[in-house]
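A look at the structure
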Amino acid sequence: RQSNLASTLHNLDGRSYGSLKQIRGRYTFGPVTVFIDRVQADPFASPSKVRVRVDRADAKFPLDLTTDRADRIAAADYLLRAGNEVLAKLDQRALILGRPGQEILERTNILIDDAGFEARLLVNLPARGRRILGHQAADILTRDLPDFAERLFLFDRWSDAPAGSGGNTHAPSAKGLADHVQLHRDQLELRSHLGEAGLIGFVGNGAILPRKSGDSDLPMKSSDAVVFTSPPELEHTVELSSGRTVAGMGIPRGVTVIVGGGYHGKSTILRALERGVYPHIAGDGREWVIGDPTATSIRAEDGRAVTGDDISAFINNLPSGSDTRFFSTTNASGSTSQAANLVEAIEAGANTLLIDEDTSATNFMIRDERMRALIPAEREPITPFVDRVRPLLTEQGVSTVLVAGGSSAFFEVADHVIALDAYVPKEVTDQAHELVGITAADLETAPTGSDPDTGSDSPAAHAFAAAPRVPTAKALRPAAKTKTARAKGSDRIQFGRDFIDLIAIAQLVDTQQASGVAEALEYLAEIFDGRTSLTEALAEVEDMLDAEGLDGITGHRDHPGHLTRPRRQEIAAALNRYRGLSLER
Ligand code: ADP
Ligand code: MG
């Protein structure tokens, strides 16, 4: 439709807001196509949804940066950051493109496909009271919106000004785009190299791990931060095919314990590894902190609901008589919640666990000799993690990185001990082993079968290999038809009348990703049929996302909203916290 949007909007000036509905449709402005997909019903409703699109033939982006799937993710990430800068230049605050964090992630805000380039925006259409401000609306939709699309998507018009100082947004530049895509390629190549080299984590020399503040994900000023340097014993140097060489600390598969005095930077390293499942933008300080993409942070989370988890590897003979091979509660304790988080992470495919003493239940982690003497094994339901961390490795192939500054209990089970001294890591494995009278060879031969200590009938061997959990067909489909999942900030998803609490899910990055999780839950609702296991369903969601992208999961054919792709671990984490979850038995 080539109708005149501008004159329609001018004519609507002063009319009642509801009549804006008629502007839905598709309009052409030179090389830019504007789609008005959804028009808000009133000025206070959620914003209207618009898209702008430019064909490849007009956009003229270099094909080698915008063809491969991974390259498209990085290029779209670049365009999103550049798009925010363009909007700032236009000084047009009614148009919302969505603000990315420090990660390079797959998102819906910018779409690159074979045919062209598309930006998805939200727009608050202006009103005075309940009257349309038609002239202003015309400026936004027929002047600034096409202008935005031309500045962002017509590559010929990009300046060749040097890329900015590596902030969160930047004016579009050809070199900036090429660098961004190349950084992402290098990060992915390093990640696949780590897997082959038997490493589960990598922290590059020169990295800046601490953040600006407890509520900011931006880097600490480099004049204040102690730059990361690998201990020589753990240093790896990787030559990437781009010609770039990256050196840093490699954390091998196995059990790694991080020790050191309080405030010496232990949690900061662990948190960087936690976020190392996502690639970071240039200037973040964590560009070369790259880890096992399945790594999952495990913490205590008392009060959470648990549905049908097999936590018997850790907890048995509860005084309540509950069956811990199918454990459900509406109010988990510190230790049972941590056990549940752990077995759920493994069910969701985690090959590496990240655990910080600061957020762990002590009785879940360790039990000392005197306590073992005082409380007979059959009166203590918990087999502490220190007794399970090696079977997890040898039987399940699951590695652990653990921060423990307060106890030497893990020395006996650690393949590597790293000590932080004023933020500088040192390799102290031999000293730690000597202190507890073992050698590395003892770890190879240590028995890993049932635990004589607990005296219970819970041999380690079977307990991790829990029976698959199968959600019922109506697990995510209660009676109310209004059953839609919607993120409320990054901490909660509203699901029908219920809320799912996401606050303890450390690797969920922002509201957009929570929205991605919400869409995934709706998609899971369609898969659950009383026969498909949770693991199978998660794999199906992932296949779907790989094949059709985030747009596909929403079922929308036009504007999908602003979503970021979540990992399967975070989808599972949200599902497992849903208080209405029901399972087949
Ligand atoms: P720990 O867990 O060992 O007690 P944290 O990791 O919580 O210590 O760090 C303590 C403080 O030191 C935090 O405020 C953190 O931002 C800061 N910090 C951590 N690493 C560095 C570093 N490399 N350079 C400067 N400050 C740092
Ligand atoms: Mg700490």
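Figured I'd write up the structure that's included with this text. (Residues numbered from 1 in each chain as written. Chains lettered and ligands numbered in written order. Predicted model: local features only at pLDDT ≥ 70, side-chain atom pairs only at ≥ 80, totals over all residues. Heavy atoms only, no water.)

Quick word on the site of ligand 1
Filter applied, for reference: We define proximity as follows: a residue is near a molecule or strand when any one of its heavy atoms falls within 4 Å of that partner. What qualifies as a polar contact is a pair of N or O atoms within 3.5 Å, subject to a donor-acceptor requirement within protein and to the restriction that residues adjacent in sequence count only when both atoms come from side chains.
Around ligand 1, a shell composed of 14 residues is seen, among which Val226, Tyr263, Lys266, Ser267 and Thr268 lie nearest. Between ligand 1 and Val226, the relevant distance is 2.8 Å, taken from a nitrogen atom to a main-chain nitrogen or oxygen of the residue. The side chain of Thr268 places a nitrogen or oxygen atom 2.6 Å from an oxygen atom of ligand 1.

Describing the nonpolar core
Put simply, the test is: By nonpolar core we mean a set of buried residues, namely Ala, Val, Leu, Ile, Met, Phe, Trp, Tyr and Cys, connected to one another through side-chain atoms within 4.5 Å. Each residue gets one of three labels from its accessible area relative to the maximum for its type: buried under 20%, exposed over 50%, partly exposed in between, using a 1.4 Å probe on protein chains only. Starting at the N terminus, helices and strands are each numbered in turn, a helix being any DSSP run of H or I of at least four residues and a strand any DSSP run of E of at least two.
Ranked by size, the top nonpolar core spans 54 residues in total, and within it Ile23, Ile110, Leu121, Leu141 and Phe148 carry the most contacts. No other element matches helix α3 (residues 69–90), which puts ten residues into this core. Among the nonpolar cores identified, the runner-up in size contains 43 residues, and Ala300, Ile315, Met365 and Ala404 belong to it.

Description of the pattern of salt bridges
Quick reminder of the rule: Salt bridges are counted wherever a side-chain nitrogen of Lys or Arg sits within 4 Å of a carboxyl oxygen of Asp or Glu.
Applying the stated criterion across every chain yields a total of 36 salt bridges. One salt bridge in this structure joins Asp147 and Arg151, with 3.4 Å as the shortest N-O distance. Highlighted residues: Asp147 and Arg151, both in helix α4 (residues 134–153), separated by four residues, approximately one helical turn. Judged by relative accessible area, which is 25%, Asp147 ranks as partly exposed. Overlapping salt bridges, with partners in common, bring together Asp37, Arg51, Arg53, Asp113, Glu118, Arg120 and Asp551 in one network.

What to know about the coordination of the magnesium ion (ligand 2)
Test applied: Only nitrogen, oxygen and sulfur atoms within 2.8 Å of the metal, or 3.2 Å for Na, K and Ca, are treated as donors, and water is left out, so sites may look incomplete.
Only Ser267 (OG) and Asp358 (OD) from the protein reach the magnesium ion (ligand 2) as donors, at distances of 2.0 to 2.2 Å. In this pair, Ser267 is assigned in helix α6 (residues 266–275) and Asp358 in the loop between β19 (352–356) and α8 (362–365), connecting sequence segments 91 residues apart.

Digging into helix α15 (residues 534–554)
Filter applied, for reference: By definition here, a helix of n residues has an expected span of 1.5 Å times n minus one. Take the seven residues that end at a residue and the seven that start at it, fit an axis to each, and the angle between those axes is the bend at that residue. Note on contacts: a residue pair is in contact if any heavy atoms of the two residues lie within 4.5 Å.
When the terminal C-alpha atoms of α15 are compared, their 20 Å separation across 21 residues is substantially less than the 30 Å that a helix rising 1.5 Å per residue should span. Taken as a whole, α15 carries its principal kink of about 115° at Glu548. Residues of α15 that are buried include every one of Leu534, Ala537, Leu538, Val541, Met544, Leu545, Gly549, Leu550, Ile553 and Thr554, and no others. Those residues of α15 that are buried lie in contact with α3, α7 (334–347), α14 (511–527) and α16 (568–576).

Focus: the packing of α3 against helix α5 (residues 174–196)
Basically, it comes down to this: Inter-axis angles, ranging from 0 to 180 degrees, are taken between N-to-C directions of lines fitted to C-alpha atoms, where helices are fitted over the stretch in contact. Any angle that is under 35 degrees is reported as roughly parallel, and any over 145 degrees as roughly antiparallel; angles of 65 to 115 degrees are reported as roughly perpendicular and all others as oblique. Helix crossings are classified by the rotation of the near helix relative to the far one: an anticlockwise turn of less than a right angle makes the crossing left-handed, while a clockwise turn makes it right-handed. Residues were grouped as follows: Ala, Val, Leu, Ile, Met, Phe, Trp, Tyr, Cys and Pro as nonpolar; Asp, Glu, Lys and Arg as charged; and all remaining residues, including Gly, as polar.
Orientation of α3 relative to α5, taken along the N-to-C sense of each, is 135°, at an axis distance of 9 Å. Judged by the inter-axis angle, α3 sits oblique to α5. The hand of the α3/α5 crossing is right-handed. Between α3, through Ala70, Asp71, Ile73, Ala74, Ala75, Asp77, Tyr78 and Arg81, and α5, the contact on the second element is made entirely by Gly176, Leu177, His180, Val181, His184, Arg185 and Leu188. Looking at the contact of α3 with α5 residue by residue, the classes come out as eight nonpolar, three polar and four charged.

Structural notes on the sheet that holds strand β15 (residues 289–291)
Within a sheet, neighbouring strands are paired by backbone hydrogen bonds and run either parallel or antiparallel to one another. Note the following rule: A pair of strands is treated as paired once DSSP finds two or more bridges between them.
The four strands lie next to each other as β12-β13-β9-β15, forming an open sheet whose pairing is antiparallel. Each having just a single partner strand, β12 (235–239) and β15 make up the two edges of the open sheet. Averaged over all adjacent pairs, the angle separating strand axes in this sheet is 30°, with direction ignored. Bridge count for β12 against strand β13 (residues 245–252) is five bridges, and the pairing is antiparallel. What sits directly across from Val238, in β13, is Val246.

Side note on the sheet that holds strand β25 (residues 498–501)
Taken together, the three strands give an open sheet; going across it, the order is β23-β24-β25, and neighbouring strands pair in antiparallel fashion. A single partner strand is all that each edge strand has here, and the edge strands are β23 (485–488) and β25. In this sheet, adjacent strand axes meet at a mean angle of 25° when their direction is disregarded. Summarising the sheet, strand β24 (residues 492–495) and β25 pair through four bridges and their orientation is antiparallel. When the sheet's bridge partners are listed, Phe495 is paired in β25 with Asp498. Contacts from α14 reach β23, β24 and β25, with the element oriented near 165° to β23.

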